[in-house]
Amino acid sequence: MTPTPGRGPDAFQRFIPLFLVFASLLSLIISTRSLMGLPERVGLTVVGFFERGFSAVGGLVGDTALSIRSLRQLRGDYEALLDKTKDMEKLQRDYGALEAENERLRDQLGFAQLATFPEVAARVIGKDPGNLYSTITIDKGVESGIRKNMPVIAWQDGTKGLVGRVVEAGQGTSVIVPLYDSSSYVAARLAKSRFEGLLQGMGSEDEVLDMTYVSKRALDDTQPGDLVVSSGLDSLYPPDLALGRIKRIDEPEYQTSLDIEVEPILDFSRIEYVFVLETNAATTPAPPPQSPGSATVAPGVGP
Amino acid sequence: MIARLVVSVLILFGLSLVQATWLPAIAILGAHPDLGLLTVVWLAYRNGPVEGCSSAFISGLIDDAMSASPLGFNALVKTATAWIASLLHGSVHIDRVLMPVLLGATATIAKALMTTVLAFLFGGRLESYDFAGRVLWVEAGYNAVLAPILFALLGGIFAMVDSRRRSRT
């Protein structure tokens, strides 16, 4: 029997690519209107399981190669740390006294205590498979209490800084959008002069962050090297998390505000472990008092 | 066809995981190669539009699940790229080096063009490549260099799959 032209399996197969393109487009239309959180979460949960496995294998190979060199370094570090411990003991005594004094003074001035949040430690297991988006995948998810929009911080060289926020939480993995992503905006503040602004990522971890909407009145009190912290006004990130240091200040004549280039406080290419702050918009603490010098920035991150 | 499709999807799934976990370590100037895209191009060229587009669609959905991109973004870009690449199916001979290099670079640029069009259509909800930036060109170069090696590997794998099927029948 001769098949009718334009019908039968061949004609059907011809429409499969078209159908798939249409299905992707439809999915894109729906998901960009944020109606499809569930499939993405399910996908992340399934894929995340395998991603953790691949990351573990990669980590094992890398760790083995580095372990010999690390052992040699560890011996030297051990000696150095013993010396440092002695210094730290003395510092700790001083710090305890200062903390008590600070608390007394805060009580006297009637300042509210800054809230602290429980932290979930997580390991970075992957990055975005493409070059277009700049996400980071961690090995903790909903089962560890992580939810969408929780802020993520990291410690690096004794400095605590903001990494970004959770955009998707699967069962055992979560996806973070880092500070440098071009879709990332953080309500920021100059730690010294307390002027507010908006910090935006430029899309690459090698590039600086862009701080805008800073009043030109801040120019006299601002200089390169000054610390930029979160203001907490976006109800997403807690206040006074270190974001970066000012690299360059521009004063465009045609604008009423300054344009400030900010060097991120963290080197994102070296981040291995992060801490997810278990907070959300409803539990974010009130912004700190507006008086100069009231910032409670992590040790080693002075303005 | 089903066996080849299953193998294709498994390879693409593995490559997506490799891209997310291992390849960032070999990134040059912030860009790493897109092995999934190269594989999709090769599959579409070798196996035709149905298998090429089907595996590209599934691979794109896997990438979307691992990324901050909206569901459907990578699926659309990869399926469309596979469709274009499938036009070469049965009509153009791919040699060992020159054609893979050209295909690797061209597919990357085609992907960048598609993301630009989509970003325009969706009003900034999507990210797109900066044609004046270095990421696109480094990725295109990376893909061009790796395409001959990857195509040779894929050729070997699928030759094995086909010979097994023939020996069974």
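Our subject is the structure listed above.
## Considerations on the overall build of chain B
When you go through chain B residue by residue, the secondary structure sums to six helices and zero strands. Scaling as 2.2 N^0.38, a compact globule of 169 residues should have a C-alpha radius of gyration of about 15 Å, and chain B matches this with 16 Å. Based on the C-alpha atoms only, the size of chain B along its principal axes is roughly 50 × 30 × 30 Å. For chain B, the residues scored as buried account for 50% of the 169 residues in total. Considering only contacts in chain B between residues 6 or more positions apart, those separated by 24 or more positions represent 69%.

## What about the interface of chain A and chain B?
Between chain A and chain B, the contact holds 40 residues from the first and 43 residues from the second. Those elements that provide at least two residues to the side of chain A that touches chain B are helix H1 (9–32), helix H2 (37–109), strand S1 (119–127) and strand S5 (174–178) of chain A. Sort the elements by how many residues they give to the side of chain A that touches chain B and H1(A) lands first, with eleven residues.

## Thoughts on helix H3 (residues 49–66) of chain B
Compared with the 26 Å implied by 1.5 Å per residue over 18 residues, the 25 Å span of H3(B) between its first and last C-alpha is a close match. Burial analysis of H3(B) places 17 of its 18 residues in the buried class, which makes it a mostly covered element.

## Considering helix H6 (residues 134–168) of chain B
Three- or four-residue spacings in an α-helix give side chains the same orientation, since the helix completes a turn every 3.6 residues. Residue and element names in this part refer to chain B. Taking 1.5 Å of rise per residue, the 35 residues of H6 would be expected to cover 51 Å, and the 49 Å separating its terminal C-alpha atoms lies within 8% of that figure. Taken as a whole, H6 carries its principal kink of about 40° at Ala147; the proline Pro148 stands between one and four residues after it. Listed in full, the buried residues belonging to H6 are Val135, Leu136, Glu139, Ala140, Tyr142, Asn143, Ala144, Ala147, Pro148 and Phe151. Contacts made by the buried residues of H6 are with helix H2 (35–47) and helix H5 (98–121).

## Notes on the environment of Ala56(B)
Along the chain, Ala56(B) falls in helix H3. Those residues in contact with Ala56(B) that sit more than four places away from it in its chain are Val40(B), Ala44(B), Lys78(B), Thr79(B), Thr81(B) and Ala82(B).

## With respect to the environment of Val161(B)
Residues and elements named next belong to chain B. Mapped onto the secondary structure, Val161 falls in helix H6. Linking Val161 and Arg4, residues 157 residues apart in sequence, is a C-alpha distance of 7.2 Å. Those residues in contact with Val161 that lie beyond four places of it in its chain are Ala3, Arg4 and Val7.

Reading the values: the criteria
- Residues numbered from 1 in each chain as written.
- Chains lettered and ligands numbered in written order.
- Predicted model: local features only at pLDDT ≥ 70, side-chain atom pairs only at ≥ 80, totals over all residues.
- Helix = DSSP H or I, 4+ residues; strand = E, 2+ residues; numbered from the N terminus.
- Rg over C-alpha atoms; globule rule 2.2 N^0.38 Å.
- Buried ≥ 20, exposed ≤ 12 C-beta atoms within 10 Å, placed from the backbone.
- Contact = placed C-beta atoms within 7 Å.
- Expected span 1.5 Å × (residues − 1).
- Bend = angle between axes of the 7 residues up to and from the residue.

Keep in mind that these numbers describe shape and distance, not what the molecule does.
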